[in-house]
Amino acid sequence: MSFEIKSTAEPYDVIIVGSGAGGGMASKILSEAGLSVAVVEAGADFDPAKDEDRTQLRFPWESPRRGNSTRIRPFGDFDAAIGGWDIEGEPYTNTKGTKFDWFRSRMVGGRTNHWGRISLRFGPDDFKRKDIDGLGDNWPIGYDDLKPYYDKVDKLIGVFGSKEGWRNEPDGFFLPPPKPRLHEMYMMKGAKKANIPVIPSRLSVLTRPINNERGVCFFCNQCNRACQAYADFSSGTCLVHPAMKKGKVDLYTNSMVRKVTTDDQGKATGVSFISKVDLKEYKLKSRVVVLGASACESARIMLNSKSKSHPNGIGNSTGMVGRYLHDSTGADRMGILPELMERERYNEDGVGGMHVYTPWWLDNKKLDFARGYHIEYWGGMGMPSYGVGFAMDTMRKHLKDEFGNPSPNGGYGEGLKKDIRRIQGSTLGMSGRGESVPQYTNYCEIDPTVVDKYGIPVLRFNYQWTQDEILQAKHMHETFEEIITNAGGTLLGSKPGPESLYGLATPGRIIHEVGTTRMGNTPETSVLNSNCQAHDCNNLFVVDAGPFVSQADKNPTWTILALSWRTSDYIVSELKKKNI
Amino acid sequence: MNRRENLKLLFTGALASGFLLTNCTPEEKQAALSPVNPGGTAGGRTDDEINIDQRLLSDVFLTEEEKKKLAVLADIIIPADAESPSATDVGVVDFIEFMMKDYPAYQIPMRGGLLWLDHYSRDHFDKAFLDLNETDKMKIIDEIAWPDKAKPEHIGGVMFFNMVRNLTATGYFTTEPGFKYLGYVGNRPNVWDGVPDHIMKAHGFELPEKYIDIYLKPDERGQLAEWDAEGNILRKA
């Protein structure tokens, strides 16, 4: 393991930029093939098994803000992801009238340290959406190309779930799923009345061991804090660090890549980066450069990699880098269930996230919007944190007093104290996460007027939802109301209307952004070929979610992992054949 | 005051650290800010986070008088009872002091609300709030504690009291005694094997037949997973 800066050392076989899902998988596969690898990461090293890095199993009183969110940790003070939507000294801009919020994690493992571990394969239809509804584009590959890699990812990393035999929700090699929690049983009841299926969730959490290197889940409900037993998937614990132990992998931390360097023929020769430690620029050389910095960061690096041979940025000869940026849609609703008030207490933590979910179940041909969404369920007696006891000025009325009358809102004293205890664990909710239609007109580009604190030009975003996403959010809310009401719950808040795009989350907020360096068969309409190799530069590859032609209503991580593995195999084979 | 004592106090939260630091020499201040023991959130902090927490823990927002008023309000909101301590017993005022600095949007409504309390008190009872007897204090609180019954002209007071209620409740129920009162029993290693049977029955639920055989069985948690070619996990008979 080496953290030393080497600016004049021997060239590596491969430089990988970024250590998240895509970069991590590439580091493992390429190093196992015997290649020498440099992983260049903008953040610091991170290992949740080290007690100094551990936030898991901490109580709210171990934080002076009792776990409330901060600028650096928008998902709470104990969340593992370091970075957020607004990083000091690393700005981005939006073109007037458009909005995209960009979430970044600066650390080994990137955003895999805190993600929801929802690990869904794309189905056959998800690669060929244009064939179905005429919108967007097909992928140049199909499910059969990725299936063997999904299978290998399941076995290497582990995912629990149930075999269902649904065509577009392909089954895999599943570990046993956990039984549902009580509020999830109510959601299943509500959904059943509405003819909406609810099945065991598919999360990359080890309910049984898959090897001797990682432990099994001990049900603390805190996967977002990163697991000291390595019982959930994060790239640092499951891919990068193991690769460093076994292979020729050097990890460069706190190293912010500025550009891909090229020779006169336009071939990539390595990268240049700014060390955050001394703010000096360094260069690394390699035979192959692999970008896995995240869809937008990789696009930024490519656009900033201007040279005589690549005057518009590497891979950007047809102006496609940054185009077709798209995120999942999102909307959420909450309710309160009288049957869950004054509940008997038991440990209901479970795994980190839902034990059941609803895959997309309808046919868009019969609907007024193009693509589907899945539903995530939440609630239960989770650990109280900052925010517990809030809103009794509006919530207390949902409790009944000793005479069966609604308790008065607000108040104080022993009665209030008891009511806060009675209401604990009685709220529940659901989130829709859906597919959007990729648009040429939604894109990121370089803002020539702004640089970050390392002097690197920043991204400017241009993003607007279309009617398809807006109407999908409307449908989500109708579904949510039906399920919560059917379950016997009372809806909280009000149904958002057209003035707020039916509660549709701002682009970027679901943190599934993809598509900026999409793959395709023609350089005029894509950045990469079907092996994620740049049309313009045959020793440059992208392994994050940039290559996605379309982001299904599934979470992107499992597809990033499968695609990165496939791309890495291709790199090994091309190097052997001396094609690159 | 030496550094060790400083740190001990910071760590136990026995005193707002700003109060300590004002009594220290510049050298001692420097020592107390040493990141060796940050006194902020535990676990994997970046340098920026350590510095931010240090600054927030050292800065002072609430005056002693404001803290006294808040202490009265906090214990009206969450009093002690036979089974649990009061809000001030578990340090809620220190928590509120911290939140004023961590989330500065609280500052103006808090200071303004506490001033309004005295203003209203003087107008109606010719005394500052803290000097009122219990009955008169509660007369004012009752004007602002019940949002659905409050007079329209007291909307500002209601919003102020809502904020104090929120912060007091959250500050209380995120402590060890608060957890005990709520009965939260998680955040420890365990094995999830579903909702206890008697609770399932009480709610009229049964697990879906279809999944009974595939759910995780606790006694299999140690067995290395293997599958057949169709993706069926192999189970020992």
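None of the values given here were measured: they were computed from a predicted structure.

Visitor: I keep staring at the overall build of chain A and nothing clicks. Help me out?
Guide: Of regular secondary structure, chain A possesses ten helices and 19 strands. For chain A, the C-alpha radius of gyration of 24 Å lies close to 25 Å, the compact-globule estimate for 580 residues. Based on the C-alpha atoms only, the size of chain A along its principal axes is roughly 85 × 55 × 45 Å. The contacts in chain A between residues at least 6 apart in sequence include a share of 72% that link residues at least 24 apart. Approximately 19,200 Å² of chain A is accessible, and the part contributed by carbon and sulfur atoms is 49%.

Visitor: Just to check I follow, could you spell out the overall build of chain B for this structure?
Guide: Each helix and strand in chain B was counted, giving eleven helices and zero strands. In sequence order, the secondary structure elements of chain B are arranged as α-α-α-α-α-α-α-α-α-α-α. Residues counted as buried form 47% of the 237 residues belonging to chain B. In chain B, the proportion of contacts linking residues at least 24 apart, taken out of those at least 6 apart, comes to 53%.

Visitor: How do you make sense of the sheet that holds strand E12 (residues 356-358) of chain A when you look at a structure like this?
Guide: Residue and element names in this part refer to chain A. The strand order across the open sheet built from six strands is E6-E12-E13-E14-E11-E17, with neighbouring strands paired in antiparallel fashion. Strands with a single pairing partner mark the edges of an open sheet, and in this sheet they are strand E6 (199-200) and strand E17 (490-491). By the bridge criterion, two bridges tie strand E11 (residues 329-336) to E17 in an arrangement that is antiparallel. In the strand pairing of E17, Ile336 is matched with Thr490. Its contacts with the sheet place helix H9 (residues 467-486) against E11, strand E13 (373-379), strand E14 (427-434) and E17, and it is angled at close to 20° to E11.

Visitor: I would appreciate a short explanation of helix H4 (residues 47-58) of chain B in the present structure.
Guide: The terminal C-alpha atoms of H4(B), which comprises twelve residues, lie 16 Å apart, in line with the 16 Å expected from a rise of 1.5 Å per residue. Of the residues making up H4(B), those classed as buried are B:Glu49, B:Ile50, B:Asp53, B:Gln54, B:Leu56, B:Leu57 and B:Ser58.

Visitor: Looking at this structure, how should I read the UniProt feature "domain: Glucose-methanol-choline oxidoreductase N-terminal" (unreviewed entry) in chain A?
Guide: The UniProt record marks residues 141-327 of chain A with the feature "domain: Glucose-methanol-choline oxidoreductase N-terminal" (unreviewed entry), using the residue numbering of this structure. Between the first and last C-alpha atoms of residues 141-327 of chain A the distance is 21 Å; the span itself is 26% helix and 18% strand.

Visitor: Is there a simple way to explain the layout of surface pockets in this structure?
Guide: Summary: where empty space remains is shown by rolling a probe the size of a single water molecule over the atoms. Residue and element names in this part refer to chain B. Here the second largest pocket is characterised by a volume of approximately 1,300 Å³. Broken down by secondary-structure element, the contributors of at least two residues to the lining of the second largest pocket are H4 and helix H6 (92-102). Considering each element in turn, the lining of the second largest pocket owes the most residues, seven residues, to H4. Among the residues forming the lining of the second largest pocket, the class breakdown is 13 nonpolar, nine polar and 21 charged. The residue makeup of the lining of the second largest pocket includes at least three contributed by each of domain 1 (3-58) and domain 2 (64-182).

Visitor: How do you make sense of the sheet that holds strand E15 (residues 443-451) of chain A when you look at a structure like this?
Guide: The strands making up a sheet are joined through hydrogen bonds of the backbone, oriented either antiparallel or parallel. Residue and element names in this part refer to chain A. Reading across from one edge, E4-E16-E15 is the order of the three strands in this open sheet, with mixed pairing throughout. Among the strands making up the open sheet, the edge pair consists of strand E4 (93-94) and E15. Set on the sheet, helix H6 (residues 295-304) makes contact with E15 and strand E16 (457-462); between it and E15 the angle comes to about 60°.

Visitor: I'm lost on the side chain of A:Thr479 in this one. Help?
Guide: Residue and element names in this part refer to chain A. Residue placement: Thr479 occurs in helix H9. According to the relative accessible area criterion, Thr479 is buried, its value standing at 4%. A distance of 2.7 Å separates the side chain of Thr479 from the side chain of Tyr373, its partner in a polar contact. Setting aside anything within four residues of it in sequence, one finds Thr479 in contact with Ile196, Trp361, Tyr373 and Ile375.

Visitor: Hey, could you run me through the pattern of salt bridges in this one?
Guide: Opposite charge on two side chains makes pairing possible when the charged atoms of those side chains draw close. The full count for this structure, using the stated rule, is 62 salt bridges over all chains. Ionic pairing is found between A:Arg71 and A:Glu88, a salt bridge with its closest N-O pair at 2.8 Å. You can see A:Arg71 sitting in the loop between strand E2 (37-40) and strand E3 (83-84) and its partner A:Glu88 sitting in the loop between E3 and E4, a full 17 residues away along the chain. According to the relative accessible area criterion, A:Arg71 is partly exposed, its value standing at 41%. Residue classification places A:Glu88 among the partly exposed residues on the basis of a relative accessible area of 48%. When salt bridges with common partners are traced through the structure, they connect A:Arg65, A:Arg73, A:Asp77, B:Arg45, B:Glu49, B:Asp53 and B:Asp102 into a single cluster.

Visitor: I tried to follow the pairing of E16(A) on my own but got confused; where do I start?
Guide: Look at any regular strand and the pattern is simple: side chains alternate between the two faces of the sheet. All names here are of chain A. Examined bridge by bridge, E4 and E16 share two bridges and lie parallel to one another. Within E16, the residue paired with Thr93 across the bridge is Arg460. Strand direction decides the pairing type here: E15 and E16, joined by six bridges, are antiparallel. Each residue of the ladder has a partner; that of Val451, found in E16, is Pro457. Between E15 and E16, which follow one another and run antiparallel, lie five residues, and Gly455 among them has a positive phi close to 80°.

Visitor: For this particular structure, what's the right way to read the interface of chain A and chain B?
Guide: When the parts of a complex come together, some accessible area is lost, and that lost area is often taken as the interface size. Contacts between the two partners involve 89 residues from chain A, matched on the other side by 91 residues from chain B. Between chain A and chain B the total buried area reaches about 7,700 Å² when both faces are included, carbon and sulfur atoms providing 61% of it. Counting the surface chain A buries against chain B, the share from its top three residues, A:Arg208, A:Tyr412 and A:Lys417, is 12%. Between chain A and chain B we count nine salt bridges in total. For the salt bridge of A:Asp77 with B:Arg45, the shortest nitrogen-to-oxygen distance reads 2.9 Å. Viewed at the interface, chain B and chain A are joined by 51 residue pairs in polar contact (both at pLDDT 80 or more). For the side of chain A that touches chain B, the secondary structure elements donating two or more residues are helix H4 (182-193), E6, helix H7 (392-395) and helix H8 (413-423) of chain A. Top element by residues in the side of chain A that touches chain B is H8(A). It accounts for seven residues. Residues that form the side of chain A that touches chain B fall into these classes: 41 nonpolar, 21 polar and 27 charged.

Cut-offs applied
Residues numbered from 1 in each chain as written. Chains lettered and ligands numbered in written order. Predicted model: local features only at pLDDT ≥ 70, side-chain atom pairs only at ≥ 80, totals over all residues. Heavy atoms only, no water. Helix = DSSP H or I, 4+ residues; strand = E, 2+ residues; numbered from the N terminus. Rg over C-alpha atoms; globule rule 2.2 N^0.38 Å. Contact = heavy atoms within 4.5 Å. Areas by Shrake-Rupley, 256 points an atom, 1.4 Å probe, with all protein chains shown as cover. Buried < 20%, exposed > 50% of the residue type's maximum accessible area, 1.4 Å probe, protein only. Pairing = 2+ DSSP bridges. Axes fitted to C-alpha atoms, helices over the stretch in contact; angles between N-to-C directions. Expected span 1.5 Å × (residues − 1). UniProt positions renumbered as here; feature names shortened; annotations may be inferred. 1 Å grid on protein atoms, 1.4 Å probe; cavity = no way out; pocket = protein on both sides within 12 Å on 5 of 7 lines; lining within 4 Å. Points joined across faces, edges and corners; volume = space filled by probe spheres on them. Nonpolar A, V, L, I, M, F, W, Y, C, P; charged D, E, K, R; others polar. Domains from an automatic or database assignment. Polar contact = N/O pair within 3.5 Å; in protein donor to acceptor, adjacent residues only side chain to side chain. Salt bridge = Lys/Arg side-chain N within 4 Å of Asp/Glu carboxyl O. Buried area = accessible area lost by both parts, 1.4 Å probe.

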